[in-house]
Amino acid sequence: MAIPTQYVEYCLNSCLFQSDYVINDIFATQSWGTTVDYLIEWIPGTINRWCAYTNGIQRNCVEVRNAPSDVQVKSEVHVSPFNQLDTTFNPVRYKGSDMVWRDFSQNSFSWNFPYQTLIFSNSNFRNYRLDTYEIYLPYVVNE
């Protein structure tokens, strides 16, 4: 079984194409069933500098977009839709221009089968893979 990797992904340019995205995933792994605190922060006094932290350790800083900017919180599964997923996000917050942390106030959740999102509140949700059963139906062709 693969070891989970902590990573930060950010977008350059238009964000319309896969080539616009950059992933920095060389900074840390974590054990299954453990918790990691992520923080993405715009650096005040700069025009477009953002830094990413996990468990309070600065992992990556880039100059990408002016603040304010959209930030997404995602779980991703790579390689196969049979990969397991069970991740809880709590709390998910943003820092306003007044430098005060606030819970997300929008409900813009989406997911693709066989994955599901269980929403407890705007800033507390669980992403997980549904239990599925492979059922094979007979295929009949009448010629």
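**Comments concerning the sheet that holds strand S9 (residues 115-121)**
The pairing of strands in a sheet happens through backbone hydrogen bonds and is either parallel or antiparallel. The strand order across the open sheet formed by 3 strands is S6-S10-S9, and the pairing between neighbours is antiparallel. One side of each edge strand has no neighbouring strand; the edge strands of this open sheet are strand S6 (86-89) and S9. In this sheet, neighbouring strand axes are inclined to one another by 15 degrees on average, regardless of whether the strands run parallel or antiparallel. One ladder, built from 4 bridges, connects S6 with strand S10 (residues 124-129); its direction is antiparallel. The residue of S10 that forms the bridge with Phe89 is Phe125.

**With respect to unusual backbone geometry**
Glycine aside, residues mostly have negative phi angles, and peptide bonds mostly take the trans form. Here the bond from Asn90 into Pro91 is cis, since omega is -10 degrees, no more than 30 degrees from zero. Mapping Pro91 onto the fold places it in the loop between S6 and strand S7 (93-95). Between Phe113 and the following residue, Pro114, the backbone shows a cis peptide bond with an omega angle of 15 degrees. Turning to its location among the elements, Pro114 is positioned in the loop between strand S8 (101-103) and S9. For Asn55, which is not a glycine, the phi torsion comes out positive at approximately 50 degrees. The topology assignment puts Asn55 in the loop between strand S4 (49-54) and strand S5 (57-63).

**What about the sheet that holds S5?**
Judged by pairing direction, the sheet is antiparallel, and its 3 strands sit side by side in the order S3-S4-S5 without closing on themselves. Of all the strands in the sheet, the pair left with one neighbour each is strand S3 (38-42) and S5. Adjacent strand axes in the sheet meet at a mean angle of 20 degrees, parallel and antiparallel pairs treated alike. Note: S3 against S4, 5 bridges, orientation antiparallel. Within the sheet, the bridge partner assigned to Glu41 lies in S4 and is Cys51.

**Digging into the state of the cysteines**
Evaluation of the coordinates by the stated rule reveals 1 disulfide. At a sulfur-sulfur separation of 2.0 Å, the disulfide partner of Cys51 is Cys61. Because the torsion about its S-S bond is 110 degrees, the bridge between Cys51 and Cys61 counts as right-handed. Of this pair, Cys51 sits in strand S4 while Cys61 sits in strand S5; the two residues are 10 residues apart in sequence, bridging distant segments of the chain.

Reading the values: the criteria
- Residues numbered from 1 in each chain as written.
- Predicted model: local features only at pLDDT ≥ 70, side-chain atom pairs only at ≥ 80, totals over all residues.
- Heavy atoms only, no water.
- Pairing = 2+ DSSP bridges.
- Helix = DSSP H or I, 4+ residues; strand = E, 2+ residues; numbered from the N terminus.
- Axes fitted to C-alpha atoms, helices over the stretch in contact; angles between N-to-C directions.
- Disulfide = S-S within 2.5 Å.

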